[in-house]
Amino acid sequence: MNGSREASGATIGVIERYREHLPVTEATPVVSLSEGSTPLIYSPRLSAIVGRGCRVYLKYEGLNPTGSFKDRGMTVAVSKAAESGARLVVCASTGNTSAAAAAYAARAGIQCAVLLPSGKIAMGKLAQAFVYGAVVIALDVNFDHCLKLVRQLSSEPGISVVNSINPYRLEGQKTAAFEIIDALGNAPHLHLLPVGNAGNTTAYWRGYVEYHRLNRATRLPKMLGFQAAGAAPIYYGRIIEHPETAASAIRIGNPASWKMADTAFQESGGAIQIVTDEEIFAAQSWLASKEGVFVEPASAASVAGLFKCWSQTTCASFPVPKIPDDAVVVCTLTGHGLKDIAAVLNDRVKPLSAPANKAAILSILEKAK
Ligand code: F0G
């Protein structure tokens, strides 16, 4: 279809890069937007904070074509939907999955419908779903309920569900772990990431385990996941009926991949933790102003978690100081900051006004020193 292999000179997407590890055949029409191969950014400041010779990297998934890690899974899920002759792809979403589904469906020439919790989606993501041409349906229920409805739709002929309950999604998303090992020459000692529906945790762990089995890495990382404190079913071990957090992407009370993610935390010797909205926003602002990396609130949960866990006093149950000296640490940053500008445009974000002359500007700069 979009045969990136024929398009010589084009950047390849995750199916072409990792074809041998993915459930595709020659018969699978590759629906790709050249996703993946995202930057792994070394963070000198976070490395200094963790100390003891540890190196901290940021896997910046906001640089995927629709601005989040969902594109990795969506290229596989929509390619397989096209292969099976689906006429409609459908998903429930807190925003990013719907943006990715809509884009890849547009690319494949398949109709897309997205079920969203009404009024709970960041505007950038909603704009994406519309502009990519999806049928956008807002429901007066939360994400978990939207997903229930999508499960009911899955039995209809010609419909392919592209939430992470579709196994092809997780297959695609595991390629992020491959990329990290390919870039570092080994797996990190510790991997931190935000947790919502828990698919990404599951997918990363799968990728790490597969590459380890193939001797591409000599170790496996400890997986350390972070839920928002008001939407932390895995941490508390119970369904949260009314999850609440300003990090709308991870406002989820009953994660679809709960059990598999639990296994990843346990098998890896890692843990699930919580961070408050205040900690999330502080980390978001820190990342942008200290490292030049702008992410949406949910994405900052991994770095908020690093800040919390690097000290035994703020995180006694999983202190990062337990990791060895000279350890390699990766934090996944799942989505781009521009998706949710309302989250940062508050009263403090106002340009300074000045008369249009050099002296006035120099005087402002003097005060800003
Ligand atoms: N970060 C962002 C930016 C997300 O959009 C999501 C999930 C997560 C983290 C959590 O990942 O669900 O695999 O544990 N967003 C989904 C959506 C639920 O509909 O876009 P997860």
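Residues numbered from 1 in each chain as written. Predicted model: local features only at pLDDT ≥ 70, side-chain atom pairs only at ≥ 80, totals over all residues. Heavy atoms only, no water.

Caption draft 1: Examining the nonpolar core more closely. By size, the foremost hydrophobic cluster in this structure holds 37 residues, and its most contacted members are L58, L190, L192, V303, L306 and L333. Ranked by residue count, the leading element in this core is helix α13 (residues 301-309), at five residues. Not counting residues within four places of it along the chain, the set of residues in contact with V303 comprises L46, L58, A283, L287, C331 and L333. Core analysis: the next-biggest nonpolar cluster, separate from the first, contains 31 residues, Y18, Y57, W205 and Y211 among them. (Core = buried A, V, L, I, M, F, W, Y, C linked by side-chain atoms within 4.5 Å. Buried < 20%, exposed > 50% of the residue type's maximum accessible area, 1.4 Å probe, protein only. Helix = DSSP H or I, 4+ residues; strand = E, 2+ residues; numbered from the N terminus. Contact = heavy atoms within 4.5 Å.)

Caption draft 2: The arrangement of the packing of aromatic side chains in detail. Tallied over the entire structure, the rule returns six aromatic pairs. An aromatic cluster is defined as three or more aromatic residues linked by ring pairs; in this entry it consists of Y18, F178 and Y211. (Phe/Tyr/Trp six-rings, centres within 6.5 Å; stacked < 30°, edge-to-face > 60°.)

Caption draft 3: Region of interest: the pattern of salt bridges. Following the criterion strictly, the structure yields 15 salt bridges and no others. For the salt bridge of K59 with E179, the shortest nitrogen-to-oxygen distance reads 2.7 Å. Residue K59 is located in strand β2 (residues 55-60), and its partner E179 is located in helix α8 (residues 175-184); the two are separated by 120 residues in the primary sequence. Residue K59 shares its accessibility class with E179, and that shared class is buried. For R206, the salt bridge is made with E171, and the minimal N-O distance between the two is 2.7 Å. Here E171 lies in helix α7 (residues 167-173) and R206 lies in helix α9 (residues 199-213), a separation of 35 residues in the sequence. Here the salt bridges do not stand alone but share partners, grouping R17, K59, E61, R72, E179 and D182 into one network. (Salt bridge = Lys/Arg side-chain N within 4 Å of Asp/Glu carboxyl O.)

Caption draft 4: Highlighting the sheet that holds strand β1 (residues 40-42). Overall, mixed pairing links the six strands, which are arranged β1-β2-β10-β7-β8-β9 in an open sheet. Of all the strands in the sheet, just β1 and β9 (271-275) have a single pairing partner and so form its edges. Averaged over all adjacent pairs, the angle separating strand axes in this sheet is 25°, with direction ignored. Of the pairings in the sheet, the one linking β1 to β2 comprises three bridges and is antiparallel in character. When the sheet's bridge partners are listed, L40 is paired in β2 with K59. Against the sheet, helix α12 (residues 277-291) contacts β2, β8 (222-228), β9 and β10 (328-333), and its axis sits at roughly 90° relative to β9. (Pairing = 2+ DSSP bridges. Axes fitted to C-alpha atoms, helices over the stretch in contact; angles between N-to-C directions.)

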